[in-house]
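Chain by chain, the residues run as shown.
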Amino acid sequence: MNDYPYADRYAVNRTLPEHGRPRTDVLAEMREMATEEDAFWETGKISGTMYCGDHEHYEFLNEAFGMYAHVNALQRDMCPSQTKYEGEVIAMALDLLHADAVEDGAPAGLVTTGGTGSILHALVAYREHARETRGVTQPNFVKPETGHAAFDKGCHLFGIEMRVAPVDPRTTAVDLDAVAGLIDENTIAIMGSAGNYAYGTIDPIAELAALAAERGVGMHVDACLGGFILPFAEDAGLKIPEFDFRVSGVTTISADTHKYGYAFKGSSTLLFRDKALRNAQYFHLLDWSGGKYMSPGMEGSRSGGLIASTWAAMVSLGREGYREHAVEIFETAASMMDVVRSHPELRIMGDGTAGAPTFCFSFTSDEFEIYHLVDFLGPKGWRFNGQQYPNAIHMAVTRPQTRAGVVDAFAADLADAVAYAHEKHAAGEEAFSGAIYGGVAGGLDQATSDFIVMVMDDMLDKQQALPPAP
Ligand SMILES: *Cc1c(COP(=O)(O)O)cnc(C)c1O
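Residues numbered from 1 in each chain as written. Predicted model: local features only at pLDDT ≥ 70, side-chain atom pairs only at ≥ 80, totals over all residues. Heavy atoms only, no water.

Here we come to the packing of helix α2 (residues 55–68) against helix α9 (residues 304–341). Between α2 and α9, whose axes approach to 8 Å, the crossing angle comes to 140 degrees. Relative to α9, the element α2 lies oblique. For the crossing formed where α2 meets α9, the hand is right-handed. Judged by residue contacts, His-57, Phe-60, Leu-61, Ala-64, Phe-65 and Tyr-68 of α2 engage Gly-304, Gly-305, Leu-306, Ala-308, Ser-309, Ala-312, Ala-313, Ser-316 and Leu-317 from α9. Residue classes in the contact of α2 with α9 are distributed as ten nonpolar, five polar and no charged. (Axes fitted to C-alpha atoms, helices over the stretch in contact; angles between N-to-C directions. Helix = DSSP H or I, 4+ residues; strand = E, 2+ residues; numbered from the N terminus. Parallel < 35°, antiparallel > 145°, perpendicular 65-115°, else oblique. Left-handed = near helix turned anticlockwise from the far one by under 90°. Contact = heavy atoms within 4.5 Å. Nonpolar A, V, L, I, M, F, W, Y, C, P; charged D, E, K, R; others polar.)

Here it is as structure tokens:
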């Protein structure tokens, strides 16, 4: 029955209950589930997702969140504190990503609800700005194949044609000539990642930005993943390509506070080299019976709790706190990558290149199907994210991996997993794990599409399909 989460333990609410339950009961039930689910990642064996993993930090954020959870950040006359929090989150993020180096614009930003939110706002801003300033009515956008799926989603939503430039499957580096060839008079912007989700590698941002500037199009840097950790790479003795506003031609950067910014989920920043681009996506309506309406981004009402707790995370950590966490994560990632390199049959994607992985890394094998490793490591509690073209698996190293013993456990379990993979390969057996964000496998056919739709339906509809609880 575990297909229907918790149906065997708790009542299933298929209708709004007539009578409410005591708050203590409600909280006790929720606490049981939450505590059990936290145990899953507290082992340090889960890639990404729990970037901080420190319950004391979460409690602090909860306190900050609780003060404003009921506040609507859209109504600023009632909550001037939100103007302070949001403005300072933007200012601090701009500072971290070197907006001080900008001489050809007035840097500005937006706080959004996540990486996808920041990417969507960037796409709308570019589309509107290109329409206003260049008369573009058939917009297109160019991404390296490694650019996040959220760009495809945004293009789908906003009627923008997506053009994809190939990457070298060994180095993960984008083909710059291909990008150049895809840009035309209707291109609103191109993008590069720092680092990309799949491999953690950094695109040649300076080269891409120079190309964008030369062709008069925008250049978005997707630093959703790296934005709050890569600025501290130098502190760990790492040399990485410049990717922020110091690079001329970079016009927008997305950086997720809800990843390595250690804020609650539902928070990200989108930063603009120049305010005019941000303001191109502003919306207001003068002649509505409900009154004059305005919202600076896509959301209407917004949670004051999220903005306030994001601010609280940033000012409580400070550069010092971020630096300390970052250095530990870089060092742990380096140790884990050394473990992978100790197996000659494994290969880290983009290793040894200019944009080589530093905190999130992916590996594959030319000798056996890499998903055999997942088959073996999954039951031991490890959760990697899977990739395809080539099949590979990645670990975004977070605070939980920096705990004592995790790297040693990784070394021991990986050695056993490699032995297992050789056995399965020799026996001609196929791996049963597969590569899809979120964890389902398949090909490119209709059956796989149908299956994925069913998975999404299940996320939303499953409880309704249940028989009423006994
Ligand atoms: C996570 C991520 C995104 C999307 O962010 P969400 O917060 O999941 O919406 C975009 N780009 C990169 C590189 C990411 O790692």
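A contiguous nonpolar surface patch, about 460 Å² in accessible area, is contributed by Val-453, Met-456, Met-459 and Leu-460. On the secondary structure map, Val-453 appears in helix α12 (residues 446–465). (Patch = residues over 30% accessible without salt bridge, like charges linked within 9 Å, V, L, I, M, F, W, Y side chains within 5 Å. Areas by Shrake-Rupley, 256 points an atom, 1.4 Å probe, with all protein chains shown as cover. Salt bridge = Lys/Arg side-chain N within 4 Å of Asp/Glu carboxyl O.)

It is worth spelling out the pairing of strand β3 (residues 161–165) at this point. The sheet contact formed by strand β2 (residues 140–144) and β3 spans five bridges and is parallel. Paired with Val-142 across the bridge in β3 is Arg-163. Handedness of the β2-helix α5 (residues 149–158)-β3 crossover: right-handed. (Pairing = 2+ DSSP bridges. Right-handed = clockwise from strand over helix to strand, strands pointing away.)

Before going further, it helps to spend a moment on a negative patch on the surface. Where like charges cluster on the molecular surface, the negative patch consists of Asp-54, Glu-56, Glu-59 and Glu-63. In this structure, Glu-56 sits in helix α2. (Lys, Arg positive; Asp, Glu negative; His and termini not counted. Charge placed at Lys NZ, Arg CZ, Asp CG, Glu CD.)

Right, let's talk about the sheet that holds strand β13 (residues 392–396) for a bit. Within the open sheet, the four strands sit side by side as β10-β11-β13-β12. Their pairing is antiparallel. Looking at the sheet topology across the chains shown, the edges are occupied by β10 (346–348) and β12 (385–387). Shown here is a sheet whose adjacent strand axes are inclined to one another by a mean of 30 degrees, direction ignored. Relative to strand β11 (residues 360–365), β10 runs antiparallel, the two sharing three bridges. If you follow Leu-346 over to β11, its bridge partner there is Ser-365.

So, on to the state of the cysteines. Counted by the stated rule, this structure contains zero disulfides. For Cys-52, which is in no disulfide, the shortest distance to another cysteine sulfur is to Cys-360 and amounts to 18 Å. With a relative accessible area of 6%, Cys-52 lands in the buried category. (Disulfide = S-S within 2.5 Å. Buried < 20%, exposed > 50% of the residue type's maximum accessible area, 1.4 Å probe, protein only.)

Moving on to the layout of surface pockets. Considering only enclosed or pocket space, the second largest pocket measures out at about 600 Å³ in volume. What lines the second largest pocket is a set of 30 residues, among which Leu-74, Arg-76, Met-294, Ser-295 and Pro-296 lie closest to the centre. Secondary-structure elements contributing two or more residues to the lining of the second largest pocket are α3 (80–96), β1 (108–112), β8 (283–285) and β9 (293–295). The residue makeup of the lining of the second largest pocket, split by class, is eleven nonpolar, twelve polar and seven charged. (1 Å grid on protein atoms, 1.4 Å probe; cavity = no way out; pocket = protein on both sides within 12 Å on 5 of 7 lines; lining within 4 Å. Points joined across faces, edges and corners; volume = space filled by probe spheres on them.)

This next bit is on the UniProt feature "modified residue: N6-(pyridoxal phosphate)lysine" (unreviewed entry) in the chain. Here the UniProt-annotated "modified residue: N6-(pyridoxal phosphate)lysine" (unreviewed entry) positions come out as Lys-259. With respect to the helices, strands and loops of the structure, Lys-259 is situated in the loop between β6 (252–255) and β7 (268–272). In this structure Lys-259 comes out as buried when scored by relative accessible area, which is 16%. Those residues in contact with Lys-259 that lie beyond four places of it in its chain are Tyr-51, Cys-224 and Leu-225. (UniProt positions renumbered as here; feature names shortened; annotations may be inferred.)

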